[in-house]
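# Understanding the architecture of this molecule
Now for the letters of each chain:
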Amino acid sequence: MRPREFCFTERDFEQVRTLIHELAGISLSENKRELVYSRLTRRLRATGAKSFEDYLRNHLKEGTSEWEGFINALTTNLTSFFRESHHFELLAQQLRRLVARGSPIRLWCSACSTGEEPYSMAMTVLETLGPNPPVLIQATDIDTQVLALAEEGTYAAENLTLSEARLHRFFHKGVGKHSGSVRIRPEVRRLVTFFQLNLLDTHWPLHFPLDAIFCRNVMIYFDKDTQYKVLGAMARHLDPEGLLYAGHSEIFHHARDFFHLRGKTVYQLSPRTALGMVNQVEQR
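Below is a short write-up of the structure. (Residues numbered from 1 in each chain as written. Predicted model: local features only at pLDDT ≥ 70, side-chain atom pairs only at ≥ 80, totals over all residues. Heavy atoms only, no water.)

Here we come to the packing of helix α1 (residues 10-24) against helix α3 (residues 52-59). Axis separation between α1 and α3 bottoms out at 10 Å; the angle between their running directions is 35°. In the crossing of α1 with α3, the sense of the turn from one axis to the other is left-handed. The residues of α3 that touch α1, namely those facing Asp12, Gln15, Val16 and Leu19, are Phe52, Glu53 and Leu56. Broken down by class, the residue content of the contact of α1 with α3 amounts to four nonpolar, one polar and two charged. (Axes fitted to C-alpha atoms, helices over the stretch in contact; angles between N-to-C directions. Helix = DSSP H or I, 4+ residues; strand = E, 2+ residues; numbered from the N terminus. Left-handed = near helix turned anticlockwise from the far one by under 90°. Contact = heavy atoms within 4.5 Å. Nonpolar A, V, L, I, M, F, W, Y, C, P; charged D, E, K, R; others polar.)

This brings us to the environment of Val125. Its location among the elements puts Val125 in helix α6 (residues 116-129). Residue class for Val125 comes out buried when judged on its relative accessible area of 0%. Considered as a pair, Val125 and Val188 are 63 residues apart in the sequence and their alpha carbons are 9.1 Å apart. If we skip the residues at most four places from it in the chain, Val125 touches Leu95, Leu107, Gly130, Pro133, Val135, Ile137 and Leu191. (Buried < 20%, exposed > 50% of the residue type's maximum accessible area, 1.4 Å probe, protein only.)

Before going further, it helps to spend a moment on the environment of Ala73. Within the secondary structure layout, Ala73 lies in helix α4 (residues 66-74). For Ala73, a relative accessible area of 13% translates into the label buried. Sequence separation between Ala73 and Lys224 is 151 residues, and the spatial gap between their C-alpha atoms is 23 Å. Each residue touching Ala73, except ones within four places of it in the same chain, is listed here: Arg39, Leu40 and Arg43.

Let us look at the side chain of Glu66. Examined against the element boundaries, Glu66 turns out to sit in helix α4. Among the polar contacts made by the side chain of Glu66, one reaches the side chain of Arg43 at a distance of 2.8 Å. Filtering out sequence-adjacent residues up to four positions away, Glu66 remains in contact with Arg43, Thr47, Tyr55, His59 and Leu60. (Polar contact = N/O pair within 3.5 Å; in protein donor to acceptor, adjacent residues only side chain to side chain.)

The subject of this paragraph is the sheet that holds strand β7 (residues 210-215). In any sheet, the strands associate via hydrogen bonds between backbone groups, in a parallel or an antiparallel arrangement. Strand order in the open sheet formed by seven strands is β6-β2-β1-β7-β8-β10-β9, with mixed pairing between adjacent strands. On the outer flanks of this sheet lie β6 (192-196) and β9 (259-263), each paired with one strand and no other. Adjacent strand axes in the sheet meet at a mean angle of 25° when their direction is disregarded. Pairing of β7 with strand β8 (residues 238-246), which is carried by five bridges, proceeds in the parallel orientation. Note on β8: the bridge partner recorded for Ala212 is Leu243. Across the sheet, helix α5 (residues 86-99) touches β1 (105-109), β7, β8, β9 and β10 (266-269), and the angle it forms with β8 is around 165°. In the packing of helix α10 (residues 224-237) onto the sheet, contacts are made with β1, β7, β8, β9 and β10, and the angle to β8 comes to roughly 140°. (Pairing = 2+ DSSP bridges.)

Following this line, the structure appears as C-alpha cells:
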C-alpha cells in the first residue's frame, strides 16, 4: 500500500466526526474513514496545512473562512432530474388543488445540491399550471459550491436522461465552446430562489407556511435525535395540509408526533400537529 501523504490518526478522525456533527448534523460512521481522508486531503493542500492535526487546530479557528471549505468537502451531492418520478406526479396533483385557492404556492427544496431537484419542481409547475404561475420555489443547501453551480443552471447534455420534449422546452442548447452543454431557460430559473441554509440553524429565513417540502435522501446522514429535531422544525413551517416528500429509504416512525405516512415516501402532519398549525394560522 502506498504511504499516505498526511498522517491521519484515530484522534483526527474522531475530531472530524464531532465537528461535522455539530456543524451540519451529519453522522459519519466508522467506515467513512477513507472518505474523510480523501476529501479533506484536498483542503489540507489548499490551506497549506502540514498535517491533519495542524489543519484541525490552526485552520479551523473561529471566524476563519475555512469552515465553509470543511463543510463543503464532507457533504454528499448525488442528484438527478426527476429522481423518484412518482413524487413529481404527486406534486402535479397537489398543484392543481392548491391553485384553486387563489393564494401563492410556496415550495421548499431543502437540499438542492446542483439544482436538478428544484428545477424539476419548476418544470413540473410549468407543465401543470402554465406560464407565470403563482409559485415560489425556495432552494437551499449548506454547500456554497453546489449552490453556485445550481444558480448557473448549466449541465452536460450527455448526463441528462430527459425526454426530447423537456430538453427542447426547458433548456437552451450550448453552441460553439459551450457545445455539449445545456442551460436552464429563464422561465424555469425565475421560479427558483437559491440561498444557503443549514438545517441545524435555529432560524430558517423562509417564506412560509410551506405547501410542500422536498427533503429527500438528507435524513439518512443524520442520527435519530438530529432527524427528530429537524423534522419538528419542518412541521412548524409546513401548511396544515402540506406534504413532506422524503427519500426512498427514509422512514420517520420515531417522529409520529410530527408526521404520519400518507403514501410512498410522502408524509403529512400528524392530526395534533396539523391542528396546532391551523390555530397558529388563525391567530396571525
